[in-house]
Amino acid sequence: MSVRRATWRPAVGNCSTERPRGWVRLSDTDDVVVLTESVEPGDELCGPQDEHWTIDRPLAVGHKLAARPIANGETVLKYGFPIGVATQPIAAGEHVHSHNLRSIRIPFADGEPG
Amino acid sequence: MSDVPASWPAYLRADGRKGIRNVLAVVYLVECAHHVAREIVAPFSGTGAQTIGFPGCYPNSYATDMLASLCTHPNVGAVLLVSLGCESFPRAELQARVAASGRPVRTIVIQESGGTRGTIEAGRAWLSEQLPLLRDGARTTMSAEELIIGALCGGSDGTSSLTANPAVGRAFEMLVADGAGCIFEETVEMVGCEDDLAARAVTPALGEALRAAVEKAARYSAAMGWPSFATGNASGGLTTIEEKSLGAYSKSGRGPIHGLLKPCDTPSRGGLYLLDVVPDGDVRWGFPNINDSTEIAELISCGAHLILFTTGRGSVVGSAISPVIKICANSETYARMSDDMDIDAGRILGGETTINAVAEEICRVTMATAAGEPTCSEGLGHQEFILGYKSFEPTGPDCHPGFVPLKPFVDALAV
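These figures come from a predicted structure and were not determined experimentally.

## Digging into the overall build of chain B
The helix and strand inventory of chain B stands at 14 helices and 14 strands. Its C-alpha radius of gyration of 21 Å places chain B within 12% of the 22 Å reference for a compact globule of 415 residues. Seen through its C-alpha atoms, chain B measures out along the principal axes to roughly 60 × 50 × 45 Å. Buried residues in chain B amount to 59% of all 415 residues. A separation of at least 24 residues holds for 76% of the contacts in chain B among residues at least 6 apart in sequence.

Next comes the structure, spelled out in structure tokens:
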């Protein structure tokens, strides 16, 4: 796991926000980034590798966004480790959660928690 | 860690073990004796007298071993056993095991001592006599390579894996490099981490034992129908058990794993150990951990002098016998409950500090606590304790490989 290599990238950029917004990619190989602050629709997030994503729904700190386009059925890495497979195509910057990601080891049989 | 003291004053027990607290344990041997034990302790609150015990009336060798380990724990200096009289607990065996450690021990049987009132009087008289002796007991000095530290998380949320857990993992790397014994657990939340666990083991045989421990936990959880994934995990941004597991697993850091323990196994030397708390054999004892306090008691049974406890939602628990240091994963919770929290790791989220800096703070607070500084939960009087039924097979030789020199991994990991 590469949590220790986390580099904090307050996504200010010009996403010229009045309030700095943040996310972090926990490992260089990760397919998702993690929000370090809660965000609202319309918020823009930027990063050092030309990331520029517009948020389309309210999301709490700790939720995930796709760091790149992910195909249906692809294994998704966080912390540099597989955390599940995509159940539909996911665009870069899109919210990644139970609606488009499921466990490889123990999928939820009856719906999703929460 | 140049600002961390190299050694500090400690309590020396007759068996040579060194403690960082000076506890007189009053132990009820069945729930029927619990009130009497609590009443014996009440007037001595804050003086080192603490209540622990086992509620069951039927014998269980795990429970006997747990109480024997806890009564001979280095933080414990004297023991009063309180028996109703007709329970099945082998009180003579426990008394003998404590006496063999050189600790003062006495058993009072309620049915033979005038019932509630007579037992409370006799118990308090013994405490009045023993507590001053305990305070005047032998002292020594102690250093990091003699310290055993446990870690667990409770009330986790989506921030735990970003801040407090990896900070504890990094602190464990630093503490192991200083020679301490560090213990992590929660195999039920290591599904998906088996390959990495096995690869970190210092021997291939230990790697297979670690893998088997997680597989046992997964089997046990499935048989219990235990959804190790709650609504609060999902609303906090966690999607799968693998993801939740990796966050919990980050408390172990990235160093080599030197052994696999079961409750009451004490690490014989410094290093990083996984504690397997899932019972062996058929599923018959209910949930492996009905709450965080069961896990804390098991870490302490392995000799943990103190406990690092990460929390996102905000747990308040402490423990009997060993102090609990709370590391809060986000600053919102910290602001709401700062009296209960020793360290605010949430500052990492805002970029105000780093995982490394919080890890160093954890090491400093660990040493200060070892040197006698009370933690928040100690200051608030928390002394939670719980013990239930379980059964374990002894760990095999593969779980305790011979000494393997530590790799210089801390330097390699420096950011």
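## So, the layout of surface pockets
Residues and elements named next belong to chain B. Empty space within the largest pocket amounts to approximately 620 Å³. Lining the largest pocket are 29 residues, and of these Arg-21, Asn-22, Gly-46, Gly-48 and Glu-378 lie nearest its centre. Breaking the lining of the largest pocket down by element, the ones donating at least two residues are β1 (7-12), β4 (49-53) and α4 (115-135). Residues that form the lining of the largest pocket fall into these classes: 13 nonpolar, 12 polar and 4 charged.

## What about the interface of chain B and chain A?
Every contact between the two is made by 33 residues of chain B and, on the other side, 31 residues of chain A. Both faces considered, chain B and chain A share a buried interface measuring about 2700 Å² in area, 64% of it formed by carbon and sulfur atoms. Where chain B touches chain A, the interface holds 2 salt bridges. At the boundary of chain B and chain A, one finds 12 residue pairs in polar contact (both at pLDDT 80 or more). Contributions of two or more residues to the side of chain B that touches chain A are made by α5 (164-177), α6 (194-200), α8 (231-235) and α9 (241-249) of chain B.

## Quick notes on the packing of aromatic side chains
Residues and elements named next belong to chain B. Scanning the entire structure with this criterion turns up 5 aromatic pairs over all chains. Measuring from centroid to centroid gives 6.3 Å for Phe-54 and Phe-89, while their planes differ by 50 degrees, and the two rings are tilted. Residue Phe-54 is located in the loop between β4 and α2 (61-71), and its partner Phe-89 is located in the loop between β5 (76-83) and α3 (91-100); the two are separated by 35 residues in the primary sequence. Pairing Trp-285 with Tyr-389 gives two aromatic rings, centres 5.8 Å apart and planes at 10 degrees, and the pair type is stacked. Here Tyr-389 lies in the loop between α13 (376-379) and α14 (409-413) and Trp-285 lies in the loop between β11 (271-275) and α10 (292-301), a separation of 104 residues in the sequence. Taking relative accessible area as the criterion, Trp-285 reaches 29% and is therefore assigned partly exposed. Among the aromatic side chains, those forming a connected cluster through ring pairs are Phe-54, Phe-89, Trp-285 and Tyr-389.

## Observations concerning the sheet that holds strand β8 (residues 81-86) of chain A
Residues and elements named next belong to chain A. With respect to topology, 3 strands assemble into an open sheet ordered β7-β8-β10, the strand pairing being antiparallel. This sheet does not close on itself; its edge strands, each paired only once, are β7 (75-78) and β10 (101-102). Judged from the 2 bridges that link them, β8 and β10 form a sheet pairing that is antiparallel. Paired with Val-85 across the bridge in β10 is Arg-102.

## Here's the deal with the sheet that holds strand β8 (residues 148-153) of chain B
Residue and element names in this part refer to chain B. Strands sit in the order β10-β11-β9-β8-β12-β13-β14 across an open sheet of 7 strands; the sheet is parallel. Two strands bound the open sheet, and with one partner strand each, they are β10 (259-261) and β14 (343-344). Across 2 bridges, the pairing between strand β13 (residues 324-328) and β14 is parallel. Bridging across to β14, Ile-327 finds its partner in Ile-343.

## Details of the nonpolar core
All names here are of chain B. Among the nonpolar cores identified, the biggest contains 66 residues, and Ile-149, Phe-172, Phe-184, Leu-308, Ile-327 and Ile-362 are the most heavily contacted of them. In terms of residues, this core owes the most to one element, α5, which gives 8 residues. Beyond its immediate sequence surroundings of up to four residues, Ile-327 is in contact with Ala-164, Val-168, Leu-308, Phe-309, Thr-310, Thr-311, Ile-343, Ala-345 and Ile-362. Ranked by size, the runner-up nonpolar core spans 41 residues in total, among them Val-23, Ile-52, Tyr-62 and Met-66.

## Structural notes on the pattern of salt bridges
All names here are of chain B. Scanning the entire structure with this criterion turns up 22 salt bridges over all chains. Salt-bridge contacts for Asp-65 lead to Arg-97; the nearest nitrogen and oxygen are separated by 3.1 Å. Within this pair, whereas Asp-65 is found in helix α2, its partner Arg-97 is found in helix α3, the two being separated by 32 residues in sequence. By relative accessible area, Asp-65 is classed as partly exposed at 29%. Overall, the relative accessible area of 32% leaves Arg-97 in the partly exposed class. What you see here is one network of salt bridges that share partners, running through Lys-216, Lys-262, Asp-276 and Asp-280.

## Section: helix α1 (residues 34-41) of chain B
In an α-helix, one turn spans 3.6 residues; hence positions three or four apart end up facing the same way. All names here are of chain B. Every buried residue of α1 is accounted for by His-34, Val-36, Ala-37, Ile-40 and Val-41. Along α1, the residues classed as buried sweep out an arc of 165 degrees about the axis, all on the same side. On its buried side, α1 packs onto β3 (23-28), β4, β5 and α4.

## Some details on unusual backbone geometry
Residue and element names in this part refer to chain B. One non-glycine residue, Cys-264, lies in positive phi territory at about 80 degrees. Looking at the element boundaries, Cys-264 is found in the loop between β10 and β11. Its identity is not glycine, yet Ile-321 carries a phi of approximately 75 degrees, on the positive side. Among the residues examined, Ile-321 registers a relative accessible area of 3% and is labelled buried.

## A few points about the side chain of Arg-25 of chain A
Residue and element names in this part refer to chain A. Summarising the element assignment, Arg-25 is placed in the loop between β2 (21-24) and β3 (32-35). Buried and without a salt bridge, Arg-25 has Glu-51 as its closest oppositely charged side chain, separated by 4.2 Å. Within the local environment of Arg-25, its side chain forms a polar contact with the backbone oxygen of Asp-30, the two atoms lying 3.5 Å apart.

Quick notes on the rules
- Residues numbered from 1 in each chain as written.
- Chains lettered and ligands numbered in written order.
- Predicted model: local features only at pLDDT ≥ 70, side-chain atom pairs only at ≥ 80, totals over all residues.
- Heavy atoms only, no water.
- Helix = DSSP H or I, 4+ residues; strand = E, 2+ residues; numbered from the N terminus.
- Rg over C-alpha atoms; globule rule 2.2 N^0.38 Å.
- Buried < 20%, exposed > 50% of the residue type's maximum accessible area, 1.4 Å probe, protein only.
- Contact = heavy atoms within 4.5 Å.
- 1 Å grid on protein atoms, 1.4 Å probe; cavity = no way out; pocket = protein on both sides within 12 Å on 5 of 7 lines; lining within 4 Å.
- Points joined across faces, edges and corners; volume = space filled by probe spheres on them.
- Nonpolar A, V, L, I, M, F, W, Y, C, P; charged D, E, K, R; others polar.
- Buried area = accessible area lost by both parts, 1.4 Å probe.
- Salt bridge = Lys/Arg side-chain N within 4 Å of Asp/Glu carboxyl O.
- Polar contact = N/O pair within 3.5 Å; in protein donor to acceptor, adjacent residues only side chain to side chain.
- Phe/Tyr/Trp six-rings, centres within 6.5 Å; stacked < 30°, edge-to-face > 60°.
- Pairing = 2+ DSSP bridges.
- Core = buried A, V, L, I, M, F, W, Y, C linked by side-chain atoms within 4.5 Å.
- Arc of directions from axis to C-beta.
- Lys, Arg positive; Asp, Glu negative; His and termini not counted.

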